[in-house]
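One-letter residues, chain by chain:
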Amino acid sequence: MIIFTNRIRVLSLIFIFVACILIIKLYIVQVVNHENYLNLGDRQYIKKNSNINDRGDIFFTKKDGTYIVAATMKDNYTLYINPKSFYKSMVGKTEDQSLGDLKNKISTLLKLDKDEVSEFDVKILKIRDRKKDVYFELIKGLDENDQILIKELKLDFLGLGKEKKRYYPGNELASNVIGTIGFKENIIAGRYGLEKQYENTLARHSKAYSNFFVDLFSTAKKVISDKSSLEGNIYTTIEPAVQKELEKKVLQINDKQGSDLTGAIIMDPYTGEIIAMAKVPTFSHKDDKDFDISNYKNDMV
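Here's what I pulled together on the structure shown here. Along each chain, numbering runs from 1 in the same order as the chain's sequence is written. Whole-chain, interface and lining totals are the exception, using all residues; otherwise, since this is a predicted model, local features are given only for residues with pLDDT of at least 70 and side-chain atom pairs are given and counted only at 80 or more. For the side-chain quantities, the full set of heavy atoms in the structure was used; hydrogens and water were omitted.

In this section: the side chain of E137. Tracing the backbone shows E137 in strand β3 (residues 136-142). Think of a polar contact as two N or O atoms within 3.5 Å of one another; within protein, one of them needs to be a possible hydrogen donor and the other a possible acceptor, and neighboring residues in sequence only count if both atoms come from side chains. Among the polar contacts made by the side chain of E137, one reaches the side chain of Y135 at a distance of 2.8 Å. Helix and strand assignments follow DSSP, with helices taken as H or I runs no shorter than four residues and strands as E runs no shorter than two, numbered in order from the N terminus.

Let us look at helix α4 (residues 95-110). To estimate how far a helix should extend, the number of its residues minus one is multiplied by 1.5 Å. The end-to-end C-alpha distance of α4, which contains 16 residues, comes to 23 Å, matching closely the 22 Å that a straight helix rising 1.5 Å per residue would cover. Partly exposed residues are those whose accessible area sits between 20% and 50% of the maximum for their type, while under 20% is buried and over 50% is exposed, using a 1.4 Å probe and protein chains only. Listed as buried for α4 are E95, S98, L99, L102, I106, S107 and L110. Looking straight down α4, one finds that the buried residues subtend no more than 150 degrees of arc, so they occupy a single side. Seen from the buried face of α4, the exposed residues on the opposite side, beyond 90 degrees, are D96 and T108. The criterion used for residue contact is that any of the two residues' heavy atoms lie within 4.5 Å. Buried residues belonging to α4 abut β2 (67-81), α3 (83-89), α5 (114-126), β3, α6 (144-153) and β4 (158-167). Directions drawn from the helix axis to the C-beta atoms are what define this arc.

What follows deals with the packing of α4 against α6. Fitting a line to C-alpha atoms yields each axis, with helices limited to the stretch in contact; the angle taken between N-to-C directions then spans 0 to 180 degrees. Interaxial distance between α4 and α6 falls to 10 Å at its minimum, and their mutual angle equals 145 degrees. Handedness of the crossing formed by α4 with α6: right-handed. Contacts between α4 and α6 pair K105, L109 and L110 from the former with D146, L149, I150 and L153 from the latter. Any residue that is not Ala, Val, Leu, Ile, Met, Phe, Trp, Tyr, Cys, Pro, Asp, Glu, Lys or Arg is counted as polar, Gly included; the first ten are nonpolar and the last four charged. Grouping the amino acids of the contact of α4 with α6 by side-chain chemistry returns 5 nonpolar, no polar and 2 charged. Crossing handedness is defined as follows: a turn of the near helix away from the far one that is anticlockwise and smaller than a right angle gives a left-handed crossing, while the clockwise case is right-handed.

Here A203 shows up in the loop between α9 (199-202) and α10 (212-225). Residue class for A203 comes out buried when judged on its relative accessible area of 7%. With 28 residues separating them in the primary sequence, A203 and E231 have C-alpha atoms 6.9 Å apart. What A203 contacts, discounting residues up to four positions off in sequence, is R55 and E231.

Structure follows, in structure tokens:
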């Protein structure tokens, strides 16, 4: 009986000791470090810029049989500032000096061109009207190297939002064949070319909550019921070097003849494989100002 009582006392002391530690830790987190965690939370506040989380890749096939990426997903970063935290950090400087230093530091670091600097100047000035805000976007479309440089500044009031965007390394190369993505109602999906034709294969429908068994049996159901809805990548027979040369020739002919539309196809006569397919006018994946729908259509098909 005495031994049992002693054990109860020891366990009680242990529970009291653990409870004291938890109380002290909570006090440190909620009271002592309250401001630090508040700022950390503010810096982590970020809007979701896109509803496209992932998507399958599209490949060209080189003459030696190896594959080269025609369309893929690429990490893209948005630089944002916490104005509230920024103004708290100003010590011994005026508002103009602090904003000027920030502008010069980022402009030099990211090597912004003349147009980008002008746009960035406008953003910097808008910070004045957002002193109580915790989130304001400064620059979109930064790459992996840019985000590393920003992190090296170690400025608590700056943050980076990460998202995935569709990236076409060849830009105009076979753009009419590959197609492009865009909004379809309230979701982003393939709108032209292979991106549209193989939307069910390229699209990735991520789940918020799942487990191994759910994924296992749902995938098995897809295989049995509908092979056309299987997720995967697209490997084309387009040979990039031939495609580039064909596009060059088609453009020359179009300019010479003054045609409204010029196109050509190179096909393997033994297999029927399409080696190259080009048309003029076409479009650039980097030019978001080209809204002529006729340029996006693949008239060769």
